[in-house]
Each structure stands twice: as structure tokens, then as C-alpha cells.
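Remarks on the overall topology
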Amino acid sequence: MQDSNDHFQGIVDQERGLQRTLSGAQMAMIAIGGAIGTGLFLGSGFAISFAGPSVLISYAIGAVIALLLMGCLAEMTVAHPTSGSFGAYAGYYVHPWAGFMVRYAYWASIVLAVGTEVTAIALYMQYWFPGSPAWVWIVLFSSALILINAFSVKLFGHIEYWFSMIKIVAIVGFIFLGAVIVYGAPADSGIGLHNYVAHGGFFPHGYWGTWVAVIVSIFSYLSIEMIAVAAGEAKEPVKAITHAFRAAMLRLVVFYLLTLALMLAILPWSSAGTDKSPFVMVMEAIHITGAPGIINFVVLIAALSAMNSQLYITTRMMFSLSRAGYASPQFGKLSSRGVPVRALALSCIGITIATAMSILYPQAAFTLMMSVSMFGAMFTWLMIFVTHWFFRRRWVAQGAQPLPFRMWGFPWLTLLGVVLMLSIMITTWFTDAFHATLLFGVPFVVVLSVIYFIWYRKPVPLPVDPQKMREAASN
């Protein structure tokens, strides 16, 4: 496998110049910061409206898919820690077209996901300032996060660590408080496990509703894969990656399933929606003075944290596209602090779209942004499973030593991930809420493929002299 590693090293050299300052703890928090955001605090209400109490099964299925994905991705990232990550792996192990498509699909997805987060931020601010224009909050908070990302990756890592810490403390507190309330609630209070079967039963919309809610769960878990992208700026990549993957997955699964279980026990599922966070609704339902405002502050921090992480990731993906020759060289240039500022500026398109959507379609902005952004995410997850299948076969065929982290159950669990993701993508076509996902995604793939085969079909040459390439790119 030495020849393969030597050749992949050329891809790594293309992306040199980023600062390796992130610790394993910061990387784990980056993943949590991206994944525990609007998907849990606001999107969970959307999922509950589809599935009712059986949303617990929906999120458990999503957690299994996420766990399989992280296993595949961790193995490849330990072998090749680079900011191009799964885009670079797809281009190297599957086909250059696959690398081109994965990078652009993921970039577009996260750009739009940034829009969903900032749309949610504007919605949360209505709690304190009802009737205020959403675009004011979008511009205000976006400007602050853009400045943080533009300054340095070290500052970004510190800010994201504390954003995520606030979320974790709040969720742990919510779990503790919720458990006490459910355990000690009087029989006639309307609070308790009986809510799981009241109001239409555990499957009020049948098994189909449960399966459709898996789509929202995938959106909720989206961004756990950003650990692999952050590996390109980790101090000790192999050690940091292994720690971050395991820590992030455990926390995410526990947090999502426990919080949903408690929300469903405290609040009738039929009251869930997307006009207000279910967490705030729970605090209002149990009448604790000041608690709804505190929770609204926490979900605001959660959305800011997720948006902060997503700005970071989408910037690095555009940087990788540029260094691979698939975007303008301007987006591969770094500031004196090692930040691809021009790639960051381009990646703010989602904020612009969100601002326009909040003005034109204020009631439907969040749902529309989520359904459109989901295609790129699901396509990327599908391709990560496909890439891992090619990666492991090639790694073994060339007689390489086993890696410190290996995906278990290969090839069956990898193929299971492929089947599940394909099934979920097809399901979106048969739902009213997510019909726009494939309606947007299929033409997107066609247009990108045409662009690739017209302009980028010839392989992008790897740098002969990495030092000269790095110097030229930073000028």
C-alpha cells in the first residue's frame, strides 16, 4: 500500500497551509456543535409531527445509519487525514467524477444548512422581540460568526468548544429535570409515559410516518461527518480522530434519544410543530418561572454553534475544491493566519438565500431550506459508504497492514449503509414535505456531471513540487 499512500500524499500536499491547531476535544465539540443544532431543537418538532411517539424509532434508525457512517469514515480518515476528506477519498478510490460530485454536493448542502440555522435563529429571536424583521437578526448574527471564522481556526476552535459546552450542560440539565418531572408527576397531570400511547397510539400515522421521520433524523445528525474535514487541522490527527469519533457518536445518540423520550412524556406529541422549539414548549407546559426564556437562549446558542461549525466546514470544502483544480484558484488562497477567507466569503451564499427566503416566504422558509439542503447531505452520506467499499477492497488487495481503527462487519454493514441511504433518498419523492429534495437534487447532479465531463474530465495533475505549490497558492 506504500505506492498508494505516496500517491495520495500528493493530494494531501495540495491542501497544505492550513494550521494544525485543533485538539481531539475541540474536534469532538465541533461535531457536536454541528449536529446538535436546529435538527434537535427545532427539527425534532417537525419529525414528531410525522411519526408521533414512534419518532424514537425513527431517530434510533438514524442513529444506526450515523454509527455505520462514522465507522466507515473513521477508518478512511485515520488512513488519510486531510481537509478534502470524503471528497478526496471518493476522487481517489472511486473516480475523479465522484470526488468532484461529493465535494460540490456537500458544499452546496452545508451552504444551505447554514441558511436553515440562521433562519431558525431569526425565529428564536421572535420569542423576545415578536414581530421584529427576521432579516435584522440574520445580518447581525451572521456578521459576528463570519468575523470569528475569518480571524483564525484557533479562535474558531475555542468559540465552538464553549458554544458546544453550553449545549451539553443545558441538555444534561434538561434530561435531569425532565426525568424528575416525569417520575414525580401526579397521575392527573397529563405528564407521564402514557403519552406514548395516548392521542392515536404509538404509531399515530402508521409505519410510513415513522419511516418518513427518519429523513428528518438524518438531517438532525448531519454534520457529524465534519470531524473528518477538521482532521486536516488537527494537532495529532490519528489520536484526535479516534477520540473525537467515539466521543461524538456516544453523546449524540444519548442526547437525541433521551431528550426526545422525555419531551414525548411531558408534552402530547400532537402539539409539536416548527413554529417554536419543542424544548421551549416543554418548559412552558411545566410552568417553571423563567425556564422558557433560558431554554430559548440555549437553543439560540445551539443554532449559532451549528452555524459556526457549518461555516467552517463549507469553507474548507470550497478550499479543497480550489486546491484540487475544481474551482477558481482564488478560493484556495490563505490569509496570513492560515484561513481561506475568499472561500469563506463565497460560502456565505446560504446566508443571502436565507435572508431572501425570510422576506419572501417567512412561514415556509425553514422547511424549504431544509428539504433542499438535504439532498447534498444524503448524497454525500451515500457516497461515503460507497467509497469505503472501494477503499477497503483496495487497501486489503495491496497487502496493507490493518489500521488502528477499522470498520466492523465489512462488507455487509457498509452495503447496509448504501441500501438504507438509497431507500431514504427514494422515500423523499413520495412525501409532500420533502418532494423538493429530489426535484432539486436530480437536476443538480445532471448539471454538475455535464460541467465535469466538459471542463474537468482530464485528471488534475498532482503537484510535482509541494513547496513551490504551497508558496504559489498563498500569494
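Now for a quick tour of the structure.

Overview of the packing of aromatic side chains
The geometry of an aromatic ring pair is captured by two quantities: the separation of the ring centres and the angle between the planes. The full count for this structure, using the stated rule, is 22 aromatic pairs. An aromatic cluster of at least three residues, connected via ring pairs, comprises Phe100, Tyr104, Tyr326, Tyr452 and Phe453. When the ring centre of Phe410 is taken as reference, the NZ or CZ atom of Arg392 above it lies at 4.8 Å.

Description of the packing of helix 8 (residues 134–151) against helix 14 (residues 291–323)
At a minimum axis separation of 10 Å, helix 8 and helix 14 run at an interaxial angle of 45°. Between helix 8 and helix 14, the interaxial angle falls into the category oblique. Two packed elements cross with a definite hand, and for helix 8 against helix 14 that hand is right-handed. In this structure, helix 8 contributes Phe141, Ser142, Leu145, Ile146, Ile148 and Asn149 to the contact, and helix 14 contributes Leu300, Leu304, Met307, Asn308, Leu311 and Tyr312. Its residues assigned to classes, the contact of helix 8 with helix 14 comprises nine nonpolar, three polar and no charged.

Notes on a nonpolar patch on the surface
Residues Tyr127, Trp128, Phe129, Ile166 and Phe297 make up a contiguous nonpolar surface patch of about 450 Å² in total accessible area. We classify Tyr127 as partly exposed; its relative accessible area is 33%.

Considering the nonpolar core
Soluble globular proteins tend to bury their nonpolar side chains together. Core analysis: the largest hydrophobic core is formed by 142 residues, its most contacted members being Phe86, Tyr104 and Trp381. In terms of residue count, the dominant contributor to this core is helix 7 (residues 96–125) (18 residues). Residues in contact with Trp381, not counting those within four places in the same chain, are Ile65, Ala66, Leu69, Ile218, Tyr221, Leu222, Ile224, Glu225 and Met421.

Here's the deal with the packing of helix 18 (residues 412–428) against helix 19 (residues 435–455)
Two numbers describe how helix 18 lies on helix 19: the axes approach to 6 Å, and their chain directions differ by 105°. Viewed along their axes, helix 18 and helix 19 adopt a mutual orientation that is roughly perpendicular. Seen from helix 18, the contacting residues are Met425, Ile426 and Thr428; seen from helix 19, they are His435, Thr437 and Leu438. For the contact of helix 18 with helix 19, the residue count by class is three nonpolar, three polar and no charged.

Reading guide: rules and limits
Residues numbered from 1 in each chain as written. Predicted model: local features only at pLDDT ≥ 70, side-chain atom pairs only at ≥ 80, totals over all residues. Heavy atoms only, no water. Phe/Tyr/Trp six-rings, centres within 6.5 Å; stacked < 30°, edge-to-face > 60°. Lys NZ or Arg CZ within 6 Å of the ring centre and 35° of its normal. Axes fitted to C-alpha atoms, helices over the stretch in contact; angles between N-to-C directions. Helix = DSSP H or I, 4+ residues; strand = E, 2+ residues; numbered from the N terminus. Parallel < 35°, antiparallel > 145°, perpendicular 65-115°, else oblique. Left-handed = near helix turned anticlockwise from the far one by under 90°. Contact = heavy atoms within 4.5 Å. Nonpolar A, V, L, I, M, F, W, Y, C, P; charged D, E, K, R; others polar. Patch = residues over 30% accessible without salt bridge, like charges linked within 9 Å, V, L, I, M, F, W, Y side chains within 5 Å. Areas by Shrake-Rupley, 256 points an atom, 1.4 Å probe, with all protein chains shown as cover. Salt bridge = Lys/Arg side-chain N within 4 Å of Asp/Glu carboxyl O. Buried < 20%, exposed > 50% of the residue type's maximum accessible area, 1.4 Å probe, protein only. Core = buried A, V, L, I, M, F, W, Y, C linked by side-chain atoms within 4.5 Å.

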